[in-house]
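# Overview (structure and organization)
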Amino acid sequence: MTTLLPKPEHKFTFGLWTVGSVGRDPFGSAVRDPKTPAELVYLLGEVGAYGVNFHDNDLIPIDATPAEEEAIKKDFRKALADTGLVVPMATTNLFGDPIFKDGAFTSNDPKVRAYALQKTMRAIDLGVEFGAKVYVFWGGREGTETDSSKSAVDAIKRNREAMNFFCEYAIDHQYDLKFALEAKPNEPRGDIYNPTTGHMLAFIETLDHPEMVGVNPEVAHEHMAGINFMHGVAQAWEAGKLFHIDLNDQYPGRYDQDLRFGSRDIKAAFYLVKFLEDVGYDAPRHFDAHAFRTEDYEGVKDFARGCMRTYLMLKEKAQLFNADPDIQAILTEINAEDPAIAPLFGKYSAEKANAIKAITFDRSSISNRGLKYERLDQLTIDLILGYR
Ligand code: GCO
Ligand code: MN
Ligand code: MN
């Protein structure tokens, strides 16, 4: 057993907006006093995080004067140096200001679209200044409440044009930067375009520089859509597109809860961690979640420590799963190849097609075989609950 202490190699990161959340919700005001970006970096240093991410306006308020901006950056830089934290990812707030009430890149108003380009270019410069290598796009306002208002095809084209613009911008400035698109089905808009990671993966292939663009899937967002998060992550990984990940938790069918990682669906979290560890995912593990509104800043630290601790416990469980003789015996049995059939798979040939067509399959004997998945699943439950 390891000590479950977070280490830099785990690449655990938090956004300024996560541990910095003051607990505002649609029904109630702040329950915690705001902390400065530098104070939040010290808090993250104390709990053992590796990095901190920011939206442009988490770091620099939208109306800050140049002098205020310089002072904030100076304090933030000092906090990073004092704690050893890095900034692996940055992003743009394209949702908070009223100007974005009908979208940013997909707004019907050309002035809004141009302002969104300007704000994002400035935010990219800021992210790069602090060393970010991944730049996330989450289009929370890119959607509709009424589809009478805009063309869904124009929205796709406008999103594409914006992404192509930023790819060229990064190339033009010789930035060492990759883009990661984050899908969400709804909230704050009634419906958001490109609502799932799968939609994003298809969209990316239509861009001028698809090699620069990947995804940032989030547990809660795919659970809101009622789909299996790990399956989407696997598809992104297999396509070479898993540039970043947002870890949290969520009950399906509810508002965006941003729960502590693994606190709701421990089994789904186990399969996710097992997947990431088995394939050797090496990008940041970002906890995009919030402490309960009941907490003070000690509770925020409990929340942040809990996210990392649960990840590390599940990582140990994944190692136990891979080493468990009973589990592995079943996996070996159910994954056994048939030497007579194996040569017939793979690339098409007329010979293979004819050979496959000529086989007589004994359907009942094949389907009568029990697959032992009940036993396998219970062994997994025993293991997760600490009884193996
Ligand atoms: C949400 C999103 C955001 C984004 C963040 C980075 O549901 O509010 O997950 O937290 O991840 O804006 O772009
Ligand atoms: Mn979210
Ligand atoms: Mn997110």
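Position numbers for residues start from 1 in each chain and track the written sequence from start to end. Following the order in which they are written, the chains are lettered starting with A and the ligands numbered starting with 1. Per-residue local features of the predicted model are confined to residues with pLDDT of at least 70, and side-chain atom pairs are confined, for both listing and counting, to 80 or more; whole-chain, interface and lining totals are unaffected and use all residues. As a convention, hydrogens and water are excluded, and side-chain values are obtained from all of the structure's heavy atoms.

### Some words on the overall build of the protein chain
Counting from the N terminus, the helices are the DSSP runs of H or I reaching at least four residues and the strands are the DSSP runs of E reaching at least two. When helices and strands are counted, the protein chain shows 15 helices and ten strands. When we talk radius of gyration, it's over C-alpha atoms, and the globule rule is simply 2.2 Å times the number of residues to the 0.38. For the protein chain, the C-alpha radius of gyration of 23 Å lies close to 21 Å, the compact-globule estimate for 388 residues. Counting only C-alpha atoms, the protein chain reaches 80 × 50 × 40 Å along its principal axes. In what follows, residue pairs with any heavy atoms lying within 4.5 Å of each other are defined as contacts. For the protein chain, contacts bridging at least 24 residues in sequence account for 78% of all contacts bridging at least 6. Here, Shrake-Rupley sampling with a 1.4 Å probe gives the accessible areas, and only protein chains in the shown set may cover a residue. Carbon and sulfur atoms form 54% of the exposed surface of the protein chain, whose accessible area is close to 19600 Å².

### Things to note about the coordination of the manganese ion (ligand 2)
With water excluded from the atoms, a metal site may look incomplete; its donors are any N, O or S atoms within 2.8 Å, or within 3.2 Å for Na, K and Ca. Within the protein, the atoms that donate to the manganese ion (ligand 2) are Glu218 (OE) and His221 (NE2), at distances of 2.1 to 2.2 Å. Separating the manganese ion (ligand 2) from the manganese ion (ligand 3) is a distance of 3.7 Å, and glutamate 218 supplies a donor atom to each of them. With relative accessibility at 1%, the residue glutamate 218 sits in the buried group. Note on classification: 1.4 Å probe, protein chains only; a residue is buried when its accessible area is under 20% of the maximum for its type, exposed when over 50%, partly exposed between these limits.

### Some points on a nonpolar patch on the surface
Exposure above 30% relative accessible area and no salt bridge define the residues that can form patches, which grow by joining like charges within 9 Å and nonpolar side chains of Val, Leu, Ile, Met, Phe, Trp and Tyr within 5 Å. A pair is scored as a salt bridge if a Lys or Arg side-chain nitrogen falls within 4 Å of a carboxyl oxygen belonging to Asp or Glu. Together, Ile356, Ile359, Phe361 and Ile366 make up a nonpolar patch on the protein surface, roughly 350 Å² of accessible area in all. Here isoleucine 359 is to be found in the loop between α13 (350-358) and α14 (363-367).

### Some remarks on the nonpolar core
Side chains of a nonpolar character, in soluble globular proteins, are inclined to be buried together. As used here, the term nonpolar core means buried Ala, Val, Leu, Ile, Met, Phe, Trp, Tyr and Cys residues forming a set that is joined through side-chain atoms within 4.5 Å. Counting 91 residues, the largest nonpolar core has Phe14, Phe76, Phe179 and Phe261 as the members making the most contacts within it. A per-element tally of this core places helix α11 (residues 297-323) first, with eleven residues. Ignoring anything within four residues of it in the chain, the contact list for phenylalanine 76 reads Leu16, Pro37, Ala38, Val41, Val52, Phe54, Leu59, Val87 and Phe130. Grouped together as the second largest cluster of nonpolar side chains are six residues, Met89, Val134, Val136 and Ala180 included.

### What about the coordination of the manganese ion (ligand 3)?
Protein coordination of the manganese ion (ligand 3) is provided by Glu182 (OE), Glu218 (OE), Asp246 (OD) and Asp288 (OD), with donor distances spanning 2.0 to 2.2 Å. Geometry is assigned from the angles between donors: four donors with all angles from 85 to 135 degrees make a tetrahedral site, four or six donors whose opposite pairs exceed 155 degrees while the rest stay between 65 and 115 make square planar or octahedral sites respectively, and everything else is labelled irregular. Geometry at the manganese ion (ligand 3) is octahedral, judged from its six donor atoms and the angles of 83 to 175° they form at the metal. Taking relative accessible area as the criterion, aspartate 288 reaches 8% and is therefore assigned buried.

### A word on the environment of glycine 253
Here glycine 253 lies in the loop between β9 (245-247) and α10 (266-279). Taking the C-alpha atoms as reference points, glycine 253 and glycine 226, separated by 27 residues in sequence, lie 7.4 Å from one another.

### Quick word on the environment of lysine 267
For lysine 267, the position within the fold is in helix α10. When the C-alpha positions of lysine 267 and lysine 317 are compared, they lie 11 Å apart, and in sequence the two are 50 residues distant. Discounting residues that sit within four places of it in the chain, lysine 267 has contacts with Asp377, Ile381 and Ile384. Only 2.9 Å separates the side chain of lysine 267 from the side chain of aspartate 377, close enough to count as a polar contact. Counting of polar contacts relies on pairs of N or O atoms within 3.5 Å, with two restrictions inside protein: one atom must be capable of donating a hydrogen and the other of accepting it, and residues adjacent in sequence are counted only when both atoms are side-chain atoms.

### A short note on the domain arrangement of the protein chain
Each domain of the protein chain was delimited in the assignment, giving domain 1 (2-321) and domain 2 (325-384). Per the annotation, domain bounds derive from an automatic or database assignment of domains. When each unit is reduced to the centre of its C-alpha atoms, the spacing between domain 1 and domain 2 is 40 Å. Each partner contributes residues to the interface: domain 1 has seven residues there, and domain 2 has eight residues. Summing both sides of the interface, domain 1 and domain 2 together bury roughly 730 Å²; the carbon and sulfur share of this comes to 70%. Here domain 1 and domain 2 share one salt bridge between them. As used here, buried area is the combined drop in accessible area, with a 1.4 Å probe, of two parts when they are placed together.

### Examining the site of ligand 1
Around ligand 1 there are 13 residues in total, and His55, Glu182, Lys184, Glu218 and Asp288 lie nearest to it. In this structure, histidine 221 approaches ligand 1 through a side-chain N or O atom, which is 3.0 Å from an oxygen atom. Relative to its free-state accessible area of 340 Å², ligand 1 is covered by the protein chains to the extent of 92%. Along the lines of polarity and charge, the residues of the shell around ligand 1 split into four nonpolar, three polar and six charged. Throughout, the term near means that a residue has one or more heavy atoms lying within 4 Å of the molecule or strand in question. Each residue gets one of three labels, nonpolar for Ala, Val, Leu, Ile, Met, Phe, Trp, Tyr, Cys and Pro, charged for Asp, Glu, Lys and Arg, and polar for the others, Gly among them.

### A closer look at the pattern of salt bridges
Within this structure, the stated rule accounts for 22 salt bridges. Salt-bridge contacts for lysine 78 lead to aspartate 82; the nearest nitrogen and oxygen are separated by 2.8 Å. Here the residue lysine 78 and the residue aspartate 82 both occupy positions in helix α4 (residues 66-83), the gap between them amounting to four residues, near one helical turn. The network of salt bridges with shared partners includes Glu69, Glu70, Lys73, Arg77 and Glu129.

### Side note on the sheet that holds strand β2 (residues 51-55)
What holds strands together in a sheet is hydrogen bonding between their backbones, with the strands either parallel or antiparallel. Here, any two strands with at least 2 DSSP bridges between them count as paired. Overall, parallel pairing links the eight strands, which are arranged β8-β6-β4-β3-β2-β1-β10-β9 in an open sheet. What marks the edges here is a single partner per strand, and that holds for β8 (213-215) and β9. The mean angle between the axes of side-by-side strands here comes to 30°, regardless of whether they run parallel or antiparallel. Here three bridges tie strand β6 (residues 178-182) to β8, and the two strands are oriented parallel to one another. When the sheet's bridge partners are listed, phenylalanine 179 is paired in β8 with valine 213. Lines fitted to the C-alpha atoms define the axes, with helices restricted to the stretch that makes contact. Angles between their N-to-C directions range from 0 to 180 degrees. Across the sheet, α11 lies against β1 (12-15), β9 and β10 (285-287), angled at about 145° from β1, the strand it touches most.

### A closer look at the side chain of lysine 150
Tracing the backbone through its elements, the reader meets lysine 150 in the loop between β5 (143-144) and α6 (152-172). A distance of 3.0 Å separates a polar side-chain atom of lysine 150 from the backbone oxygen of aspartate 102. Among residues more than four places away in sequence, those in contact with lysine 150 are Asp102, Thr106, Ser107, Asn108, Gly143, Thr144 and Tyr193.

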